[in-house]
Amino acid sequence: MKFMKIIFVLILTVFTLISCKNKDSGNLKKEETKEVSKEMAYQSYGDKISPENSLSSAEMEVRYQTLKIGDTVEVSFKTDVNEVCKVKGCWMKLDLPGEEDVMVKFKDYGFFVPKDIDEKEVVVHGKAYVTEVSIEQQQHYAKDGGKTEGEIAAINQPKRTLSFEANGVLLKE
């Protein structure tokens with residue numbers, strides 16, 4: 001009889017441990033799922049970057065106002081895509097509150113973004129700078145952007161451009 005009680009207690013203990021283990025691992029799976037869901041709010045291109053501590057488009061516009069041709073600053077900011085290269089996704093123009101867009105290229109052409117992301121939100125990380133873009137280069141971008149022959153022909157002088165070399169891009173899903 002004593003032997004039966006010992007076996008009963010052992011079986012009960014084993015079932016209790018197994019049931020506790022399952023409850024703990026179930027909670028762990030839920031926490032992991034939440035983190036994955038949170039991370040999956042963005043599609044990542046290029047280097048892995050984080051949306052945390054990114055400047056707003058208005059803050060980025062102020063930062064660009066302090067830059068002269070040749071200055072460079074490493075920064076992350078969040079804004080909407082106004083235009084993207086329709087040929088292969090090798091550049092994009094990002095929205096700022098003022099009248100100028102930011103021309104974004106990708107570091108060493110190491111990655112591209114989808115060609116259909118106009119008006120979608122992105123976070124970019126990399127180097128912000130100001131350049132002067134030649135007539136020929138502006139016309140090339142206009143052609144890649146799907147502009148008409150008339151719009152391309154209307155480009156007739158170099159332009160001071162807000163530029164950005166991105167090493168990573170997050171596209172909000």
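Located above this text is the structure these notes cover.
In this convention, every chain numbers its residues from 1, walking through the sequence in written order. A pLDDT threshold of at least 70 governs which residues receive local features in this predicted model, and a stricter bar of 80 or more applies before side-chain atom pairs are shown or counted, although totals over entire chains, interfaces and linings include all residues. To get the side-chain values, all heavy atoms of the structure are used, and hydrogens and water are removed first.

Secondary structure elements are taken from DSSP: a helix is a run of H or I of four residues or more, a strand is a run of E of two residues or more, and numbering for both begins at the N terminus. On a plain count of helices and strands, the protein chain comes out with four helices and six strands. Reading the protein chain from its N end, one meets helices and strands in the order α-β-α-β-β-β-β-α-α-β. Out of the 173 residues in the protein chain, the part that is buried amounts to 33%. For this analysis, residues touch if any pair of their heavy atoms sits within 4.5 Å. At a minimum sequence separation of 6, the contacts of the protein chain that also span at least 24 residues come to 74%. Classification of residues uses two cut-offs on accessible area relative to the type maximum, computed with a 1.4 Å probe and protein chains only: under 20% is buried, over 50% is exposed, and between them is partly exposed.

Further remarks concern the side chain of Ser-57. The topology assignment puts Ser-57 in helix α2 (residues 57-65). Under the relative-accessibility criterion, Ser-57 is labelled buried at 19%. In this structure, Ser-57 is in contact with Lys-78, Thr-79, Asp-95, Leu-96 and Pro-97, ignoring residues within four places of it in sequence.

Take the pairing of strand β5 (residues 121-133) next. Side-chain positions along a regular strand alternate between the two faces of the sheet. For two strands to be treated as a pair, DSSP must find no fewer than two bridges joining them. Summarising the sheet, strand β2 (residues 72-84) and β5 pair through nine bridges and their orientation is antiparallel. Looking across to β5, one finds that Glu-74 is bridged to Lys-127. In this sheet, strand β6 (residues 159-172) lies alongside β5 in antiparallel orientation, the contact comprising 12 bridges. Residue pairing for β6: Gly-126 is matched across the bridge by Ala-166.

Right, let's talk about the nonpolar core for a bit. Counting 28 residues, the largest nonpolar core has Tyr-64, Phe-77, Met-92, Leu-94, Val-102, Phe-164 and Val-169 as the members making the most contacts within it. Mapped onto this core, the elements with two or more residues apiece are α2, β2, β3 (91-94), β4 (102-106), β5 and β6. For Tyr-64, the residues in contact, after removing those within four places along its chain, are Leu-96, Val-102, Ala-128, Tyr-129, Val-130, Arg-160, Leu-162, Ser-163 and Phe-164. We call a set of buried residues a nonpolar core when its members are Ala, Val, Leu, Ile, Met, Phe, Trp, Tyr or Cys and they connect through side-chain atoms within 4.5 Å of each other. Core analysis: the second largest hydrophobic core is formed by six residues, Cys-85, Cys-90, Met-103 and Tyr-141 among them.

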